[in-house]
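A look at the structure
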Amino acid sequence: MPVAALLGLQWGDEGKGKCTDYLASGFDIVVRCQGGANAGHSVEAGENNMITHLLPAAVLQKQVELVIGNGVVIDLWEIIKEINEAENLSPGIKERIKISKNSHIVLPFHKYLDQKQEENRKDSLIGTTGRGIGPCYSDKALRIGIRAGLLFYESVLTDFFSKFCDQHEISSKDKDYNTAYLLGAISEVSPLLIDSQNYLNRAFKEGKKILLEGAQGALLDIDHGTYPYVTSSNTTIGGLISGSGLSPFSLDRVIGLVKAYTTRVGEGPFPTEDDGISGQRMRATGREFGATTGRPRKCGWLDLVAVKHAIEINGVTEIILTKVDVLSQFEKIYVAVKYSCKGEEISYFPTLSEELLEAKPVYIELEGWEQEIRKTSNRNKLPANFSKYLDFIEEYLDTPIALVSYGPKREEMIIF
Ligand code: GDP
Ligand code: IMO
Ligand code: MG
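Residues numbered from 1 in each chain as written. Chains lettered and ligands numbered in written order. Predicted model: local features only at pLDDT ≥ 70, side-chain atom pairs only at ≥ 80, totals over all residues. Heavy atoms only, no water.

Some thoughts on the packing of aromatic side chains
Per the counting criterion, the structure on display carries 10 aromatic pairs. On the numbers, 5.4 Å between centres and 50° between planes, the contact of Trp 11 with Phe 270 is tilted. Here Trp 11 is found in the loop between strand 1 (3–8) and helix 1 (16–24), whereas its partner Phe 270 is found in the loop between strand 12 (262–264) and helix 10 (277–285), with 259 residues between them in sequence. Taking relative accessible area as the criterion, Phe 270 reaches 8% and is therefore assigned buried. Look at Phe 386 and Tyr 389: their rings are 6.5 Å apart centre to centre, the planes differ by 25°, and that puts the pair in the stacked class. Highlighted residues: Phe 386 and Tyr 389, both in helix 13 (residues 384–397), separated by three residues, approximately one helical turn. The same class applies to Phe 386 as to Tyr 389, namely buried. (Phe/Tyr/Trp six-rings, centres within 6.5 Å; stacked < 30°, edge-to-face > 60°. Helix = DSSP H or I, 4+ residues; strand = E, 2+ residues; numbered from the N terminus. Buried < 20%, exposed > 50% of the residue type's maximum accessible area, 1.4 Å probe, protein only.)

If you want it as C-alpha cells, here you go:
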C-alpha cells in the first residue's frame, strides 16, 4: 500500500518542507490536504531555495505531480504568485500542478476579517497569521463558502458571491474589489482544477506512490490542539484523509516529524517555553523566525508528553527527528517527561488549555554530545551521548526514529 502521510507533531515548523522535499524523490504524487497560506514550508536543495505556502513542498523534485486537495483553503493570487516563483526554479511546473475543485477560496474579505477579529481580541490574542484561514473555514462550515470549482461557472459564481456579500453585509466598494479578485484569477487557475478525490483514488489503484504532506502541527489541531490557540483545520491524520479523499485503508506509513526542541509562534500555552539564554540560543542557531510572517518563534526544550499525545492521535509508525544540530551546542540537554499539575505529577497531555497553562514540565537531564553531527548510516558511529538521546526518545515514545535531519539542506539527513 503506497500511501504515506507526513505530519508535524508539535506546534508547526518541524521541518515538513525539508522532509517532504527529501522523501518526494520516492513518490509519484505529493498532496497538500488542509490549511492554507498560513503554512510556510522551507526547501533548500542545491542552489535553489523556496518557501511554499500552498504548493506541496516537492516543487523542486521535477518528476513529482503536485496536488492541492479538497481540504485546503486557497488564496488565488497567492497561488498564482507561488506558481510563478516555482516556474523560475522548475520550468514547466504548471503541467504538474492540480487543484481540487472542492477546495475553498480565501477572499481578501477573509483576510480583512481575520485581522479585524484579531485586533478585537485585544488582550486574548490567538496570534493568527492573518491569512484569512479562520474566516474561510467558518464560511465553509456555514455552507456559504466559495469552492474553486465555481470558477468554471462565472454566472453561478457571481450570483453565489452576491448572496455571500449580502450575508456578510459587505459594502458595494468591497464587493467590487472581491469580485475583481475572483474573476481576475479565472484564466490562470481554472485550467488547473480537477476532481482531486477521483484523480488520487485512480492513481492509488494504478499503484502510484502518494505522499500526503501535513501543514501546521498536531498541537494546532482544532480538535486535539490547545484550543482556542489553534488553527481552524484538522492538522492530524483525519484531516489528511478527509482533505485528500483517500481511504484510511490506503495508508501504510504515518511519518511524524519531531523537532529536537520545541517552538511555537503565536499565542497559547507552551509548558517548556524558555525565554532565557537556552531558548535564545535555540532561536539564534535554529533561525527560528516564522517562514510566513517573520515573527520570532518562542523556543524551549523537547516536550515528550506533548509529542506522545500527538503520536497516539496520529498512529505514527516512524519518526523523523529534525534540527538535532541546534542542540550540539549544549553541555546538558533537557527533556520534559511529565508535568506537575496542582501538586500532582501527570504523564498525559491535558487537552484543555486552561489546565495545560497550570502544567509545569518535569525534566530529565541528559548529557550533551557537544560536537557536530555527521552523516552515517551506522548508529554505532554516532557520538555516544547523541545515540543515548535517540534511544531515550524512541523508548519513551515507543516509536522508531527512521531519519534524523541535521541541517536545512536536502542532503543533511541520516537514514537508519
Ligand atoms: P515547516 O513549516 O515544518 O516546513 O518548517 P519551516 O520551514 O517553517 O521551518 C523549519 C526551518 O528549519 C526552516 O528554516 C528549515 O530550512 C530549517 N530546517 C529544517 N530542518 C533542519 C535541520 O535539521 N537543521 C537546521 N538547522 N535547520 C533545519
Ligand atoms: P507550518 O505548516 C506554525 C499558528 C499561528 C497561530 C495559529 C492560528 O509552516 O508548520 P491561523 O493563521 O492558522 O488562523 O493561526 O496557528 N500557525 C502556525 N504556526 N506553523 C504553521 O504552519 C502555522 N500555521 C498556523 O501562528 O498561532
Ligand atoms: Mg513553517
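Once the structure has been displayed, the description carries forward.
Section: the packing of helix 11 (residues 304–314) against helix 13
Direction vectors running N to C along helix 11 and helix 13 enclose 50°, while the axes themselves pass 10 Å from each other. Viewed along their axes, helix 11 and helix 13 adopt a mutual orientation that is oblique. By crossing handedness, the relation of helix 11 to helix 13 is classed as right-handed. Here helix 11 contributes Leu 304, Val 305, Val 307, Lys 308 and Ile 311 to the contact with helix 13, which in turn contributes Phe 392, Ile 393, Tyr 396 and Leu 397. Considered class by class, the residues forming the contact of helix 11 with helix 13 number eight nonpolar, no polar and one charged. (Axes fitted to C-alpha atoms, helices over the stretch in contact; angles between N-to-C directions. Parallel < 35°, antiparallel > 145°, perpendicular 65-115°, else oblique. Left-handed = near helix turned anticlockwise from the far one by under 90°. Contact = heavy atoms within 4.5 Å. Nonpolar A, V, L, I, M, F, W, Y, C, P; charged D, E, K, R; others polar.)

Here we look at the domain arrangement of the chain
In terms of domains, the chain is made up of domain 1 (3–101 + 193–255), domain 2 (104–189) and domain 3 (259–314 + 321–399). When each unit is reduced to the centre of its C-alpha atoms, the spacing between domain 1 and domain 3 is 25 Å. In this assembly, 28 residues from domain 1 lie in contact with 28 residues from domain 3. In this assembly, domain 1 packs against domain 3 so that about 2100 Å² is buried in total across both faces, 58% of it on carbon and sulfur atoms. Of all residues in domain 1, Gln 10, Trp 11 and Asp 13 bury the most surface against domain 3, accounting for 31% of the area lost on that side. Linking domain 1 with domain 3 are two salt bridges. Note that Asp 13 is salt-bridged to Arg 297, the shortest N-O span being 3.0 Å. Summed over the shared surface of domain 1 and domain 3, the result is 15 residue pairs in polar contact (both at pLDDT 80 or more). Residues of the side of domain 1 that touches domain 3, tallied by class, amount to 15 nonpolar, 10 polar and three charged. (Domains from an automatic or database assignment. Buried area = accessible area lost by both parts, 1.4 Å probe. Salt bridge = Lys/Arg side-chain N within 4 Å of Asp/Glu carboxyl O. Polar contact = N/O pair within 3.5 Å; in protein donor to acceptor, adjacent residues only side chain to side chain.)

Observations regarding empty space enclosed by the protein
Where empty space is left becomes clear once a probe the size of a water molecule has been rolled over the atoms. Taken as a whole and judged by the stated rule, the model has one cavity of 30 Å³ or more. For the largest cavity, the calculated volume is near 40 Å³. At the level of secondary structure, the elements contributing two or more residues to the lining of the largest cavity comprise helix 2 (76–89) and helix 7 (186–189). Tallied by class, the residues present in the lining of the largest cavity amount to five nonpolar, one polar and two charged. (1 Å grid on protein atoms, 1.4 Å probe; cavity = no way out; pocket = protein on both sides within 12 Å on 5 of 7 lines; lining within 4 Å. Points joined across faces, edges and corners; volume = space filled by probe spheres on them.)

Observations regarding the site of ligand 1
Taken together, 18 residues lie around ligand 1, and Lys 16, Gly 17, Ser 42, Asp 325 and Ser 405 are the ones closest in. In the environment of ligand 1, an oxygen atom lies 2.9 Å from a nitrogen or oxygen atom belonging to the side chain of Asp 13. At 2.7 Å from a nitrogen atom of ligand 1 is found a side-chain nitrogen or oxygen belonging to Asp 325. With the chains in place, 94% of the 580 Å² that ligand 1 exposes on its own is no longer accessible. The pocket occupied by ligand 1, as judged from atoms lying within 2 Å of grid points, is the second largest pocket. Only helix 1 and strand 3 (41–45) provide two or more residues apiece to the shell around ligand 1. (Near = heavy atom within 4 Å. Areas by Shrake-Rupley, 256 points an atom, 1.4 Å probe, with all protein chains shown as cover. Sits in = over half its atoms within 2 Å of the grid points.)

Section: the sheet that holds strand 11 (residues 251–259)
One open sheet accounts for 10 strands, arranged 9-7-5-2-10-1-11-15-19-20; its pairing is mixed. Either end of the sheet is taken by a strand with one partner, and the two such strands are strand 9 (193–194) and strand 20 (413–415). Relative to strand 10 (residues 210–217), strand 2 (residues 29–32) is paired through four bridges, and the arrangement is parallel. Opposite Val 31, over in strand 10, you have Leu 212 as the bridge partner. (Pairing = 2+ DSSP bridges.)

Some details on the layout of surface pockets
Counted as a void, the largest pocket has a volume near 690 Å³. Lining the largest pocket are 39 residues, with Asn 38, Ile 126, Thr 128, Val 230 and Thr 231 sitting closest to its centre. Of all the secondary structure elements, the ones that give two or more residues to the lining of the largest pocket are helix 3 (108–120) and helix 4 (133–141). Per-element tally for the lining of the largest pocket: the top contributor is helix 4, with five residues. Among the residues forming the lining of the largest pocket, the class breakdown is 14 nonpolar, 17 polar and eight charged. A volume near 600 Å³ is recorded for the second largest pocket. Among the elements of the structure, helix 1, strand 3 and strand 4 (48–52) are those that each provide at least two residues to the lining of the second largest pocket. The element contributing the most residues to the lining of the second largest pocket is strand 3, with four residues. Tallied by class, residues from the lining of the second largest pocket come to seven nonpolar, 12 polar and 10 charged. A domain-level breakdown of the lining of the second largest pocket finds at least three residues from each of domain 1 (3–101 + 193–255) and domain 3 (259–314 + 321–399).

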